[in-house]
Amino acid sequence: MVDDLIDWKKLDCDFWMCAIRSQMSFSLNYSKCEIIVGLFLLNLFGYVFSQCSGSPQTLTAGQSIQYFTSPDYNNGAGTYSSNLDCQWIIDSNDASYKVILYLKNYNVACSGDNINIYDGNTVSGTALKSNICGSGASDKIVTSTGQYMTLKFTSDAVNQSVGFEAAYFSATDLSGTGCTSEQTMTPTTSPQYVTSPSFPSLYDVSSNCRWVLTVPAGRVQVEIIYSDIETSANCAFDSLEIYDGDYVCENTKIAAVCSRYPSGITGTYLSNGTSFLLKFKSDGSVSFTGYLIKFIQVEEAVSSNPLTSSDENGGNFDQLMLGIGIGCACGATATLILVFIVSFFKSKCRSPKIASPRVKTVEPMNGGPHMRTPSVNGSVDSSDSISHSRNGFIRRPLTTSRRSSMIDGKSNGFLP
């Protein structure tokens, strides 16, 4: 089989001498021979020099969920090797934080393969879960008591299977005083967190907690990173609720969370105003690990080119110049043409200013081709042949006889 992988005749050095040199040399200038031998050994022994050689691999947890898998997991389509002895140490990176680990999926042959999870950074620590095999994912959330957790995976010489995928993150109780009285918190542009009481241990029964997240300006963004809450119809038992505003109102409720991880609701929400209210309640019986929420302040978006009356005429020119700039920079004449066409039709389709539906034309108050010009003494110049009255009828010019009859009060029953 080895002869099929490497054509020994094409090597420019003796194979075994090259192998010795590759083990003893500390030079970064590796020869062609050394590179070939290194690749050969890597493919031949696979994970021997990784976490499955008996030496554990350390993973650093954060407050975002991360994942790792058994060797050759391949998204659930692979098969792990025989005679494995793999260890992972998960470090929360803070003595005040614990580690939460969840076996998202696993399929391990029970004939002699298993998963064991220990509290601490060695396999001599207290076993949190022992001899996990078979397939599934339900009720496999594990929490350390301190900064570290260790997972060990072993396989025997027969009956290999798919392996596992595990999720992990660091956690601590960040519920503050929100479960004794309503707590107001001020988000900033740096992420902050809030959790269920006693997180990541089981949340307290008969809890009634409220947090108001409010900013002086801008909006609030909330992200549910993790939720593991008792499931019930209409969230009647335990629930986490999010309200858009700083008070509880059924019309402003935007989320009600009550389901187990990994089916628990996750997602990001953005307030319409400057506040969010978080409400958590639990009944007097069953409880689970709870939730982890991240919140930040989001600045209001400001229009870079607000449309004003002075921009209406110059807007098309600005867009045209923008098109020229883009076209010149990218060498794309089509961009210029496209922007010009859009600008042209936009100007043609711009809605006119709304006027009274009874007025079809707004004429100037003075001058104009169809208005009479008052004289100095207030009389009307009769040189205009016609005039538009305010009620829309056309008035005839006043003759001398009609003018004098009006002065005498003889208007024949109507006014001109």
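All figures in this text were calculated on a predicted structure; none of them were measured in a lab. (Residues numbered from 1 in each chain as written. Predicted model: local features only at pLDDT ≥ 70, side-chain atom pairs only at ≥ 80, totals over all residues. Heavy atoms only, no water.)

*Asks:* Now, about the overall build of the protein: what can you tell me, with residues and values included?
*Replies:* Each helix and strand counted, the protein has six helices and 21 strands in total. In the protein, which comprises 416 residues, the share counted as buried stands at 35%. Here the contacts in the protein between residues at least 6 apart in sequence split such that 75% fall between residues at least 24 apart. In the form shown here, the protein has an accessible surface area of approximately 24,800 Å², with 55% of it arising from carbon and sulfur atoms. (Helix = DSSP H or I, 4+ residues; strand = E, 2+ residues; numbered from the N terminus. Buried < 20%, exposed > 50% of the residue type's maximum accessible area, 1.4 Å probe, protein only. Contact = heavy atoms within 4.5 Å. Areas by Shrake-Rupley, 256 points an atom, 1.4 Å probe, with all protein chains shown as cover.)

*Asks:* Describe the sheet that holds strand β11 (residues 183-185), listing the residues and the values that go with them.
*Replies:* What the five strands build is an open sheet, ordered β11-β13-β18-β15-β16; its pairing is mixed. Taken across any chain shown, the strands that pair with only one partner, and hence form the sheet edges, are β11 and β16 (253-257). Across this sheet, the average inter-strand angle for adjacent strands is 15°, counted without regard to direction. With four bridges connecting them, strand β15 (residues 239-244) and β16 associate as antiparallel partners. Its bridge partner being in β16, Y243 is matched across the sheet by K253. (Pairing = 2+ DSSP bridges. Axes fitted to C-alpha atoms, helices over the stretch in contact; angles between N-to-C directions.)

*Asks:* Go over the sheet that holds strand β19 (residues 290-298), please, and point to the residues and values.
*Replies:* One open sheet holds the four strands; their spatial order is β12-β19-β14-β17, and the pairing between them is antiparallel. Each end of this open sheet is capped by a strand with a single partner; those strands are β12 (192-195) and β17 (267-270). Strand-to-strand twist across the sheet, computed as the mean angle between neighbouring axes with direction ignored, equals 25°. Here strand β14 (residues 219-228) pairs with β19 via nine bridges, running antiparallel. Paired with V222 across the two strands is F295, which belongs to β19.

*Asks:* Tell me about the environment of N75, and please be specific about residues and values.
*Replies:* As for its position among the elements, N75 is in the loop between β2 (66-69) and β3 (85-91). Residue class for N75 comes out exposed when judged on its relative accessible area of 76%. Spatially, the C-alpha atoms of N75 and G163 are 9.9 Å apart, while their sequence positions differ by 88 residues.

*Asks:* Describe unusual backbone geometry, with residues and values.
*Replies:* Of note, the bond from F199 into P200 is cis; its omega dihedral lies within 30 degrees of zero at 5°. Topologically, P200 is positioned in the loop between β12 and β13 (208-214). Its identity as a non-glycine residue notwithstanding, N74 has a phi of 55°, on the positive side. Considering the arrangement of structural elements, one finds N74 in the loop between β2 and β3. On the basis of relative accessibility, which here comes to 55%, the residue N74 falls in the exposed class.

*Asks:* So what's going on with the packing of aromatic side chains? Residues and values would help.
*Replies:* To describe a pair of aromatic rings, you give the distance between the ring centres and the angle between the ring planes. Applying the stated criterion across every chain, the model contains twelve aromatic pairs. With a centroid separation of 5.9 Å and 90° between ring planes, the pair formed by F68 and F164 is classed as edge-to-face. Of the two residues, F68 is situated in strand β2 and F164 in strand β10 (residues 163-171); the sequence distance between them amounts to 96 residues. For the pair F68 and F164, one class covers both residues: buried. Ring geometry for Y102 against Y261: centres 4.9 Å apart, planes inclined by 85°, an arrangement best described as edge-to-face. Residue Y102 is located in strand β4 (residues 98-108), and its partner Y261 is located in the loop between β16 and β17; the two are separated by 159 residues in the primary sequence. (Phe/Tyr/Trp six-rings, centres within 6.5 Å; stacked < 30°, edge-to-face > 60°.)

*Asks:* Could you give an account of the side chain of T150, naming the residues involved and the relevant values?
*Replies:* Here T150 shows up in strand β9 (residues 148-154). Once you skip the residues sitting within four places of it in the chain, T150 turns out to touch W88, I89, N116, I117, Y118, G120, N121, T122 and V123.

*Asks:* Describe the pairing of β13, with residues and values.
*Replies:* Judged from the three bridges that link them, β11 and β13 form a sheet pairing that is parallel. Residue pairing in the sheet places Q183 in a bridge with W211 of β13. Looking at chain direction, β13 and strand β18 (residues 275-281) are connected through seven bridges and run antiparallel. Residue pairing across strands places R210 opposite K279, the latter belonging to β18.

*Asks:* Mind laying out the state of the cysteines, listing which residues take part and the relevant values?
*Replies:* Linking two cysteines covalently via their sulfur atoms produces the bond known as a disulfide. The tally for this structure, following the rule as stated, stands at four disulfides. There is a disulfide in this structure between C110 and C133, and the S-S distance comes to 2.1 Å. Across the disulfide from C110 to C133, rotation about the S-S bond amounts to roughly 100°, and the bridge is consequently right-handed. Of this pair, C110 sits in the loop between β4 and β5 (114-119) while C133 sits in the loop between β6 (127-132) and β7 (134-136), and the two are 23 residues apart along the sequence. Take C110: its relative accessible area is 48%, and that puts it in the partly exposed class. (Disulfide = S-S within 2.5 Å.)

*Asks:* Before we move on, could you go through the pattern of salt bridges and cite the residues and values that matter?
*Replies:* Applying the stated criterion across every chain, the model contains four salt bridges. Ionic pairing is found between K294 and E223, a salt bridge with its closest N-O pair at 3.5 Å. One end of the pair, K294, is in strand β19; the other, E223, is in strand β14, and 71 residues separate them in sequence. Across the salt bridge formed by E250 and K253, the nearest N and O atoms sit 3.3 Å from each other. Each of E241, E250 and K253 takes part in salt bridges that share partners, so that together they form one network. (Salt bridge = Lys/Arg side-chain N within 4 Å of Asp/Glu carboxyl O.)

*Asks:* Report on empty space enclosed by the protein, specifying residues and quantitative values.
*Replies:* Tallied over the entire structure, the rule returns one cavity of 30 Å³ or more. In this structure, the largest cavity encloses a volume near 30 Å³. Around the largest cavity, the lining residues are I65, I100, Y102, A167, Y168, F169, Y226 and Y261. Those elements giving two or more residues to the lining of the largest cavity turn out to be β4 and β10. Take the lining of the largest cavity: its biggest share by element is three residues, from β10. For the lining of the largest cavity, a count of residues per class yields eight nonpolar, no polar and no charged. (1 Å grid on protein atoms, 1.4 Å probe; cavity = no way out; pocket = protein on both sides within 12 Å on 5 of 7 lines; lining within 4 Å. Points joined across faces, edges and corners; volume = space filled by probe spheres on them. Nonpolar A, V, L, I, M, F, W, Y, C, P; charged D, E, K, R; others polar.)

Taken by themselves, the reported measurements are silent on function.
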